[in-house]
Amino acid sequence: MMRKIIFLPIVALALFSSCKTKNKNSTILSTEKKWWKEATVYQIYPRSFKDSDGDGVGDLKGIISKLDYIKSLGIDAVWLNPIYTSPQKDNGYDISDYENINPLFGTMEDFDTMLKGFHDRGIKVMMDMVLNHCSNEHKWFKAASQSRSSPYYNYFHWWPAEKGEPPYRWSIFDDKAYGWEYNKPTNSYYLHYFADFQPDLNWENPALRQDIYKMMRMWLDKGVDGFRMDALAFISKDTTWPPLPKEYNGNWGLYYASGPKLHDYVQEMNREVLSKYDVATVAEAMGDVARVKKFVDEDRKELNMAYHFEAIDFGYLPGEYKMPDPNGFDLVKWKNVYVKWDSAFIDKGWGTMYLGNHDQPRMLTRWGNDAPEYRVASSKMLTTLILTMRATPYYYFGDEIGMSNIKFDRVEQYNDVELLTNYAQVKAKGGDLKRFLEGMKISSRDNGRTPMQWDATANAGFGSGQPWLPVNENYTTVNVEAQENDTTSVLNYFRKMIRVRKENEVLVYGRFSLLDANNPDVFAYTRELGDQKLVVLLNFRSEVKKVNTEVDLTKAKIIISNYAVASTDGSLQPYEATIFQVN
Ligand code: NOJ
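Predicted model, so just to flag it, every value in this text is computed and none were measured.

Calculation criteria
Residues numbered from 1 in each chain as written. Predicted model: local features only at pLDDT ≥ 70, side-chain atom pairs only at ≥ 80, totals over all residues. Heavy atoms only, no water. Helix = DSSP H or I, 4+ residues; strand = E, 2+ residues; numbered from the N terminus. Rg over C-alpha atoms; globule rule 2.2 N^0.38 Å. Contact = heavy atoms within 4.5 Å. Areas by Shrake-Rupley, 256 points an atom, 1.4 Å probe, with all protein chains shown as cover. Lys, Arg positive; Asp, Glu negative; His and termini not counted. Charge placed at Lys NZ, Arg CZ, Asp CG, Glu CD. Pairing = 2+ DSSP bridges. Axes fitted to C-alpha atoms, helices over the stretch in contact; angles between N-to-C directions. Near = heavy atom within 4 Å. Polar contact = N/O pair within 3.5 Å; in protein donor to acceptor, adjacent residues only side chain to side chain. 1 Å grid on protein atoms, 1.4 Å probe; cavity = no way out; pocket = protein on both sides within 12 Å on 5 of 7 lines; lining within 4 Å. Sits in = over half its atoms within 2 Å of the grid points. Nonpolar A, V, L, I, M, F, W, Y, C, P; charged D, E, K, R; others polar. Parallel < 35°, antiparallel > 145°, perpendicular 65-115°, else oblique. Points joined across faces, edges and corners; volume = space filled by probe spheres on them. Salt bridge = Lys/Arg side-chain N within 4 Å of Asp/Glu carboxyl O. Buried < 20%, exposed > 50% of the residue type's maximum accessible area, 1.4 Å probe, protein only. Core = buried A, V, L, I, M, F, W, Y, C linked by side-chain atoms within 4.5 Å.

Colleague: Break down the overall build of the protein chain for me, with residues and values.
Modeller: On a plain count of helices and strands, the protein chain comes out with 18 helices and 22 strands. Its C-alpha radius of gyration of 23 Å places the protein chain within 12% of the 25 Å reference for a compact globule of 583 residues. When the backbone C-alpha atoms are referred to their principal axes, the protein chain occupies close to 75 × 60 × 50 Å. A sequence separation of at least 24 residues applies to 70% of the contacts in the protein chain between residues at least 6 apart. Within the structure as shown, the protein chain displays about 21400 Å² of accessible surface, and the carbon and sulfur contribution to it stands at 50%. Computed over 71 positive and 77 negative side-chain charges, the separation of the two mean positions in the protein chain equals 3 Å.

Structure (structure tokens):
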């Protein structure tokens, strides 16, 4: 979504702040302990996880029925995509009532049962907070759109039609990429950075902010353990509505993430809500290092973690919507993105590590190799990468069994508003629709949203009704049941890797240093804390590849490998992932 963003060079790092450890290198490493730094977060897309009532859509009772499975993974927290009342035009990112559960997913009683079920198993629950916009079916917008004198009119951004056409604003999910929609009863245009059914909330209005804080407190008082903050970087707008500044060069997402009062609002939210609870917060924080770091620098008292888009949006052709470069992605440059973001949070703040989520295709297809002969090895290799970075791992449901892209052929097969609006834009410009659909087989969001593959029965055991998105036909072999008792399965490797991270604090807090930086095929690095040093080797190719670690691995202890016999001579087997302890 944020593919047009330019990332600026690293800002100078401050040299000192409170909780730091001097490592062998001279820079100072932040090692202040927090539960959310040590946690592995498992993301559940409720629509696609487990359907208990046969309506084809996953639900809370479905999640409840899988609590023991989730516990068996060894994860510490879950992030649930939005389950609030919503017309579901953007699958819950269009909320019409923030304080209730969508009947599609269940009731508040189901929610309480689920929350208790997680807590009883020692698992924390993070909810999605969509605070930049709501649904046009929210009661605030329904009232606001009737009359300019409604008390809710100023809960949204309007441009009165008597002033003529509003100044152009780009929209992310609009057929015409136009961010204003005319509303007849008020003779004014409302702003929508996303789809026209997602009007932007007016954070300039203190009454709106207080209503939002009240709603957040309601969930926290129920015992929710944290929030993932959707599109939070967009909440502040320059309401003088200047022409879009030329210096952004068309990177309007970056402009939207630079609102004048953004951090005043996040700090206020921290003061009024977050600081009163022991919760974890993670921002969807678009932009460069300097912008993202502001959310998580502890001294600023805003949020805990942020995720950026530079690594996940890597390898798409510039200026096009998620069009994969036919030459693949340049591993050397990609590794440097990780180096850059690791150093961004070396002294302050904390990052996240993810290779897939509901806005992304399946990690196996995008970053590994989904051919049957490489599915197992490359899924395990990517799992190793996610769980060995100095950042909180966010692991997407289904990746633990090596699910892959469904690769639809026809536009009619898609459900996703982002894809459909971008298709309409390409069509309107007379673009190459065949090429567009080919690209989408790799990159579209629906690839990551197909139902969880539980077993080899009808609908992959997802539910008895026709699923809202088709099940990937590889479910007869790629499913949880088939992998449960197979000690060499992707699933059991994930469980083992979780244990490895838990047993080796160095993987959470230890310094990250790249090895063999210019190696075009292998991602190699060390993690060091105190006297412990681990070497992580990941072969990203389907051939044997060499790596130069300058360490004698023949004497090193093997912590884990995705091969029965790990290579110790500096040549790695296809998609090999091995972690060595070298002292
Ligand atoms: C980001 C969410 O992750 C995505 O799924 C959604 O469509 C947009 N924000 C709009 O809320």
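Colleague: Give a detailed account of the side chain of Asn474, specifying residues and quantitative values.
Modeller: Tracing the backbone shows Asn474 in the loop between α15 (433-443) and α16 (480-484). When near neighbours in sequence (up to four residues on either side) are disregarded, Asn474 contacts Ser404 and Gln453.

Colleague: Describe the sheet that holds strand β9 (residues 180-183), listing the residues and the values that go with them.
Modeller: Strand order across the open sheet formed by 3 strands is β8-β10-β9, with antiparallel pairing between neighbours. Each having just a single partner strand, β8 (158-160) and β9 make up the two edges of the open sheet. Adjacent strand axes in the sheet meet at a mean angle of 30° when their direction is disregarded. As paired strands, β9 and strand β10 (residues 188-191) are joined by 4 bridges and run antiparallel to one another. If you follow Glu181 over to β10, its bridge partner there is Tyr190.

Colleague: Account for the site of the ligand, with residues named and values stated.
Modeller: In the vicinity of the ligand, the residues found are Asp90, Tyr93, His133, Phe173, Phe194, Arg228, Asp230, Glu284, His358, Asp359, Arg445 and Arg449. A distance of 2.6 Å is found between an oxygen atom of the ligand and a side-chain nitrogen or oxygen belonging to Asp90. Between an oxygen atom of the ligand and a side-chain N or O atom of His133, the distance comes to 2.9 Å. For the ligand, whose accessible area on its own is 290 Å², the fraction buried by protein is 100%. The site holding the ligand turns out to be the second largest cavity. Grouping the constituent residues of the shell around the ligand by class yields 3 nonpolar, 2 polar and 7 charged.

Colleague: Describe the packing of helix α5 (residues 108-120) against helix α7 (residues 206-222), and please don't skip the residues or the numbers.
Modeller: Where α5 contacts α7, the two axes come as close as 11 Å, and the packing angle between them is 50°. One way to sum up the angle between α5 and α7 is to call them oblique. On the side of α5, the interface is formed by Met108, Phe111, Asp112 and Leu115, while α7 contributes Met218, Trp219 and Lys222. Among the residues forming the contact of α5 with α7, the class breakdown is 5 nonpolar, no polar and 2 charged.

Colleague: Quick one: what's the story with empty space enclosed by the protein, residue by residue and with numbers?
Modeller: For the structure shown, the criterion picks out 3 cavities of 30 Å³ or more. As a volume, the largest cavity reaches approximately 140 Å³. Lining the largest cavity, in full, are His308, Tyr338, Trp341, Asp342, Phe345, Gly351, Thr352, Met353, Met389, Arg390, Ala391 and Phe512. Of all the secondary structure elements, the ones that give two or more residues to the lining of the largest cavity are α11 (331-344) and β14 (352-353). Each residue belonging to the lining of the largest cavity can be placed in one class, and the counts come to 7 nonpolar, 3 polar and 2 charged. Each pocket or cavity is described by its volume, and for the second largest cavity that value is around 110 Å³. Around the second largest cavity, the lining is made up of 14 residues, and of these Asp90, Tyr93, Phe173, Asp230 and Arg445 lie nearest the centre.

Colleague: Which residues make up the sheet that holds strand β18 (residues 532-539), and what values go with them?
Modeller: The antiparallel open sheet is built from 5 strands, whose spatial order is β16-β17-β18-β22-β20. On the outer flanks of this sheet lie β16 (511-515) and β20 (557-561), each paired with one strand and no other. Ignoring strand direction, the axes of neighbouring strands in this sheet form an average angle of 20°. When β20 meets strand β22 (residues 577-581), the two strands line up antiparallel, connected through 4 bridges. Counterpart to Ser561 in the pairing with β22 is Thr578. Relative to β16, α11 is tilted by about 160°, and along the sheet it contacts β16 and β17 (522-529).

Colleague: Quick rundown of the side chain of Arg228? Include the residues and the values.
Modeller: Note that Arg228 resides in strand β11 (residues 226-230). Only 3.5 Å separates the side chain of Arg228 from the side chain of Glu284, close enough to count as a polar contact.

Colleague: Give me the pattern of salt bridges: which residues, what numbers.
Modeller: This structure, assessed with the given rule, holds 41 salt bridges. One salt bridge connects Arg291 with Asp288, and the closest N-O pair in it is separated by 2.5 Å.

Colleague: Mind laying out the environment of Asp59, listing which residues take part and the relevant values?
Modeller: Mapping Asp59 onto the fold places it in the loop between α2 (46-49) and α3 (60-65). Given a relative accessible area of 2%, Asp59 falls into the buried group. In sequence terms Asp59 and Gly106 are 47 residues apart; their C-alpha atoms lie 6.4 Å from each other. Leave out the neighbours within four places in its chain, and Asp59 touches Pro46, Lys50, Asp51, Ser52, Asp53, Leu104 and Phe105. Polar contacts involving the side chain of Asp59 include one to the side chain of Ser52, which spans 3.0 Å.

Colleague: Could you give me a rundown of the nonpolar core, with the residues and numbers involved?
Modeller: Counting residues in each nonpolar core, the largest one holds 174 residues, and the members touching the most others are Tyr42, Ile70, Met216 and Trp334. Among the elements that line this core, the one with the most residues is α7, at 7 residues. Setting aside anything within four residues of it in sequence, one finds Trp334 in contact with Ala311, Phe314, Phe329, Leu355, Trp367, Leu385 and Phe540. Counting 10 residues, the second largest nonpolar core, distinct from the first, contains Val535, Leu537, Leu572 and Phe580.

Colleague: Tell me about the pairing of strand β15 (residues 392-396), and please be specific about residues and values.
Modeller: Burial runs high along β15: 5 of the 5 residues are buried. Alternating residues of β15 divide into Thr392, Tyr394 and Tyr396 and Pro393 and Tyr395, and every residue in both groups is buried. Where strand β3 (residues 41-44) meets β15, 3 bridges bridge the pair, whose relative direction is parallel. Paired with Val41 across the strands is Tyr394, a residue of β15.

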